[in-house]
Amino acid sequence: MKKNRLLWITAWGIMLTILAAFSWWMFALLNYGRIEMELRRQSMADESRVLQNSLVEHVLRGVFDTGQVTIFKHGKGIYRANIPMMKEMVEKRSRGRLELVITDALLLEHRLYVVVSQKAIDEVYNRYERRKTMFLMEGVILSIVVMVSFAWLMFRFSSIVTFNQPQNNFLLAITHELKTPVA
């Protein structure tokens, strides 16, 4: 009886350990997914700043100085640039993740902005939400499968032990009788 009780206490300890391990695993995956989302968003923001600086440099060099141009002021100079060409460059380089925003300011630094498109931000967030749901479902389903399998094995083992108990008792009694001297 004590062996059975010890067996069940050990089994419950193992099952709780497995549950804790899967909980930690799910938490880690969710945390890594959140970090990945933040890194993707930061990467797109960095990409927008790099592209904005590249556009300013191209304007100052006169690369966009053809066709229908707009006047920009930078430092003591006045520069001209073709806005559709600039938008096309932003679209090509960023594959739709970034947008060129033109304001009414006179200075070049305050007039041209490259920003992350809302579509790209939504895409990153939706991917994070899908992965979060996937990690949760995987963890829950795997935990349930492992727990049910372990419980089934414990019940089977317990039934085998209880089935063999009368036979063991009989053999112990017979061996005891054979070991005692006949009086």
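Refer to the structure printed above.
Participant: What is the right way to read the pairing of strand β2 (residues 77–81) from this model?
Facilitator: On a regular strand, each side chain points to the face opposite its neighbour's, so the side chains alternate between the two faces of the sheet. Two strands pair when backbone bridges link them, and strand β1 (residues 70–74) and β2 are joined in this way by five bridges, in the antiparallel orientation. By the bridge assignment, Ile71 is partnered in β2 with Arg80. Where β1 folds back on β2, the antiparallel hairpin that results is connected by two residues, among which Gly75 adopts a positive phi of roughly 60°.

Participant: Would you explain the environment of Ala20 in this entry?
Facilitator: Within the secondary structure, Ala20 sits in helix α1 (residues 2–61). Classification of Ala20 as partly exposed rests on a relative accessible area of 46%. Residues Ala20 and Ser143, 123 residues apart in the sequence, show an inter-C-alpha distance of 9.6 Å.

Participant: Could you clarify how one ought to interpret the packing of aromatic side chains in this entry?
Facilitator: For any pair of aromatic rings, the description consists of the separation of the ring centres together with the inter-plane angle of the planes. For the structure shown, the criterion picks out two aromatic pairs. Measuring from centroid to centroid gives 6.0 Å for Phe22 and Trp25, while their planes differ by 65°, and the two rings are edge-to-face. In this pair, Phe22 and Trp25 are both assigned in helix α1, three residues apart and thus about one turn of the helix distant. When the ring of Tyr125 is compared with that of Tyr128, the centres are 6.5 Å apart and the planes differ by 45°; the resulting orientation is tilted. You can see Tyr125 and its partner Tyr128 sitting in helix α4 (residues 118–179), three residues apart, about one turn around the helix. A relative accessible area of 14% places Tyr128 in the buried class.

Conventions used here
Residues numbered from 1 in each chain as written. Predicted model: local features only at pLDDT ≥ 70, side-chain atom pairs only at ≥ 80, totals over all residues. Heavy atoms only, no water. Pairing = 2+ DSSP bridges. Helix = DSSP H or I, 4+ residues; strand = E, 2+ residues; numbered from the N terminus. Buried < 20%, exposed > 50% of the residue type's maximum accessible area, 1.4 Å probe, protein only. Phe/Tyr/Trp six-rings, centres within 6.5 Å; stacked < 30°, edge-to-face > 60°.

Purely geometric stuff here, so don't read any function into it on its own.
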